[in-house]
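A structural walkthrough
The chain contents come next:
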Amino acid sequence: MDFMDYVEEDSLLYYIRSHLDEYGELPADFSLDLHVNGLRKLESETAGDFDYFLPDGLIDGNIFLEMDYSDEIPEPLCRALMLASDEKYVEAAEAASDYLCGNEPRRMIQYVNGLYSWVESGEVLLKGQCIYNLAYNILRQDNEIEMVKFALFIMTFLDASARPEAVEMIDTLSKCDEFTLFCTWALKEWPHRNERTFDMLRHVKGWGRIAGLSSLSPETEEIRRWMVNDGWKTRLSREDAVLTIVHAISVEEFLGGENPTDSYIFKNITAMLKILLQTEEGDDYCGMDQMENPWPLAAAWLKECERQFRNLEIYETAARITRYAYRRAGEKEAVELKKMGTDFLFTAECRDTLEAALKEGKGKALAEFLGFK
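Along each chain, the written sequence defines residue order, and numbers are assigned to residues from 1. Confidence filtering applies because this is a predicted model: local features only for residues at pLDDT of at least 70, side-chain atom pairs given and counted only at 80 or more, and all residues used for totals across whole chains, interfaces and linings. The side-chain values count all of the structure's non-hydrogen atoms but skip hydrogen atoms and water molecules.

**Some points on the nonpolar core**
Nonpolar cores were defined as sets of buried Ala, Val, Leu, Ile, Met, Phe, Trp, Tyr and Cys residues, with membership established by side-chain atoms within 4.5 Å. Think of it in three bands: with a 1.4 Å probe and only protein chains considered, a residue is buried below 20% of the maximum accessible area for its type, exposed above 50%, and partly exposed in between. Of all hydrophobic cores here, the largest spans 63 residues; its most connected members are Leu81, Phe150, Met155 and Phe179. Where helices and strands are cited, they refer to DSSP runs of H or I of at least four residues and of E of at least two residues respectively, numbered from the N terminus. Among the elements that make up this core, the one with the highest residue count is helix H8 (residues 145-154) (8 residues). A contact between two residues is defined here by any heavy atoms of the two lying within 4.5 Å. In this structure, Met155 is in contact with Tyr132, Ala135, Leu139, Ala160, Ala166, Ile170 and Ala186, ignoring residues within four places of it in sequence. Listed in part, the 57 residues of the second largest apolar core include Leu277, Ala298, Cys305 and Leu366.

Printed below as a string of structure tokens:
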């Protein structure tokens, strides 16, 4: 009998698998949170009560990006692994479930550091096949989100790449943003881990990709190009995705070669810069402030503009860069960038482009910045 026949129909694994489309992806409106928890009430003094559900992976994503978890060793989860190692699988699952899903629900991500350090310490010798059996049974039949994450985290201690059932389960669960991060961790001991992670991230476009990007090593040209052209294109919180990418690779390496940068790559880098330069109303803070050294990318982009087709969007982005340089004018690099931006903007071509845009009711912010009347 094939492994597929063993999966419990009320398990989260089955639910996710049953919603995959012909491309092996979940629909944009898929919500595991809605399936498990239903609609909840959010109270607001102004709007009254209204229903809502959280995007899959949102809470874990925020905890992970903020590194808001401790090194506390979760003794009940350690006990569950010891019980499994003694082949007491039912008791092991109950111990983990009571801790993670009991009267005081917990999130597995809060305990990954503590549990990993406890296992790696070798304080207790765990039997690999036995803890694999526990993980396998949880993934096959459980309908509790945090229990599935516990099982996926068990996989981080094993190389299950030669087990077809493990490959299928982890691949399926990775398609849901709630589990993508844990699935990338589950590959820790696998050969060709990076290629598998790359494939996972291409099939999700929410918080799973945003958090999972940190598990992807930009070791090939294909991966780096994907990061620039598609990796940041998430359905929400694109700033977090862009920041992860600019911390991982030198995006400016795609600018300033012997030939003009491919127009598609240039367009995407421009879009990434616009996201990094976006500020809240009345607030100067922007994503560029989180970059250790934002100057090489901004300068390389401005230089590349000389070799690209220039429209209103290009000049508006250049104005944002120049305004940013003005704000950080005390730094040497900012002074140089301010001059580059000013030289680029105060040209006849920019003036002509702006005049045409103003006739269509566009470009008012750029005109104000340049003092154009």
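**Describing the environment of Leu358**
Turning to its location among the elements, Leu358 is positioned in helix H19 (residues 348-359). In sequence terms Leu358 and Leu201 are 157 residues apart; their C-alpha atoms lie 41 Å from each other. Discounting residues that sit within four places of it in the chain, Leu358 has contacts with Gly363, Lys364, Ala367 and Phe372.

**Let's talk about the packing of helix H5 (residues 89-101) against helix H7 (residues 128-141)**
Axis definition: a line fit to C-alpha positions, over the contact stretch in the case of helices; interaxial angles, taken between N-to-C directions, run 0 to 180 degrees. Between H5 and H7, whose axes approach to 10 Å, the crossing angle comes to 60°. Regarding the angle of H5 to H7, the classification is oblique. In the packing of H5 onto H7, the handedness of the crossing is right-handed. Residue-level inspection shows Tyr89, Ala92 and Ala93 of H5 in contact with H7, the latter providing Cys130, Asn133 and Leu134. In this scheme, roughly parallel covers angles under 35 degrees and roughly antiparallel covers those over 145, while 65 to 115 is roughly perpendicular and the rest are oblique. For any helix crossing, the convention is left-handed if the near helix is rotated counterclockwise from the far helix by under a right angle, and right-handed if that rotation is clockwise.

**A word on unusual backbone geometry**
Non-glycine residue Glu87 carries a positive phi angle of around 65°. With respect to the helices and strands, Glu87 occurs in the loop between helix H4 (75-85) and H5. Its relative accessible area of 51% is what places Glu87 among the exposed residues. One non-glycine residue, Ser237, lies in positive phi territory at about 45°. Turning to its location among the elements, Ser237 is positioned in the loop between helix H13 (221-231) and helix H14 (238-248). The partly exposed category is assigned to Ser237, whose relative accessible area is 27%.

**A closer look at the side chain of Glu146**
Inspection of the secondary structure puts Glu146 in helix H8. Setting aside chain neighbours within four positions, we find Glu146 in contact with Leu100, Arg106, Arg107 and Met108.

**Observations regarding the side chain of Lys175**
Among the structural elements, Lys175 can be located in the loop between helix H9 (164-174) and helix H10 (180-186). Relative accessible area serves as the criterion here: at 8%, Lys175 is assigned to the buried category. When near neighbours in sequence (up to four residues on either side) are disregarded, Lys175 contacts Leu20, Gly24, Leu26, His203 and Val204.

**Side note on the packing of helix H16 (residues 295-305) against helix H17 (residues 312-327)**
It is at 11 Å that the axes of H16 and H17 come closest, and there the two elements cross at 145°. The handedness of the crossing between H16 and H17 comes out as left-handed. Contacts between H16 and H17 pair Trp295, Ala298, Trp301, Leu302 and Cys305 from the former with Ile314, Thr317, Ala318, Ile321 and Tyr324 from the latter. Under the grouping applied here, Gly and all other residues not named as nonpolar or charged are polar, the nonpolar ones being Ala, Val, Leu, Ile, Met, Phe, Trp, Tyr, Cys and Pro and the charged ones Asp, Glu, Lys and Arg. Split into classes, the residues belonging to the contact of H16 with H17 amount to 9 nonpolar, 1 polar and no charged.

**Details of the pattern of salt bridges**
By salt bridge we mean one thing: a side-chain nitrogen of Lys or Arg within 4 Å of a carboxyl oxygen of Asp or Glu. Scanning all chains against the criterion turns up 28 salt bridges. The partner of Asp60 in a salt bridge is Lys149, with the nearest N and O atoms 2.7 Å apart. Here Asp60, found in helix H3 (residues 58-65), pairs with Lys149, found in helix H8; they are 89 residues apart in sequence, far enough to count as distant. Like Lys149, Asp60 is buried. For Arg310, the salt bridge goes to Glu349, with nearest N and O atoms at 3.0 Å.

**Structural notes on the packing of aromatic side chains**
Only rings of Phe, Tyr and Trp enter the pairing, Trp through its six-membered ring, and a pair is recorded when the two centres are within 6.5 Å. The plane angle decides the type: under 30 degrees is stacked, over 60 is edge-to-face, the rest tilted. Summed over all chains, the structure comprises 12 aromatic pairs. Plain terms: the ring middles of Tyr15 and Phe30 are 5.6 Å apart, the flat faces sit at 40° to each other, and that makes the pair tilted. Within this pair, whereas Tyr15 is found in helix H1 (residues 12-18), its partner Phe30 is found in the loop between H1 and helix H2 (32-37), the two being separated by 15 residues in sequence. We classify Phe30 as buried; its relative accessible area is 13%. Between Phe198 and Trp226 the ring centres are 5.3 Å apart and the planes differ by 75°, which places this aromatic pair in the edge-to-face class. Here Trp226 lies in helix H13 and Phe198 lies in helix H11 (residues 193-201), a separation of 28 residues in the sequence. Across the pair, exposure class does not vary: Phe198 and Trp226 are buried alike. Of the aromatic side chains, those joined through ring pairs into one cluster are Phe64, Tyr116, Phe153, Phe157, Phe182 and Trp185.

**Side note on a nonpolar patch on the surface**
On the surface, a cluster of nonpolar side chains totalling about 260 Å² of accessible area is made up of Leu34, Leu39 and Phe53. Mapping Leu34 onto the fold places it in helix H2. Residue Leu34 is classed as partly exposed on the basis of its relative accessible area of 33%. Within this analysis, patches are made of residues with over 30% relative accessible area and no salt bridge. Like charges are joined at 9 Å or less; nonpolar side chains (Val, Leu, Ile, Met, Phe, Trp, Tyr) at 5 Å or less. Accessible surface is estimated by sampling points in the Shrake-Rupley manner with a 1.4 Å probe; for residues, cover comes only from the protein chains shown.

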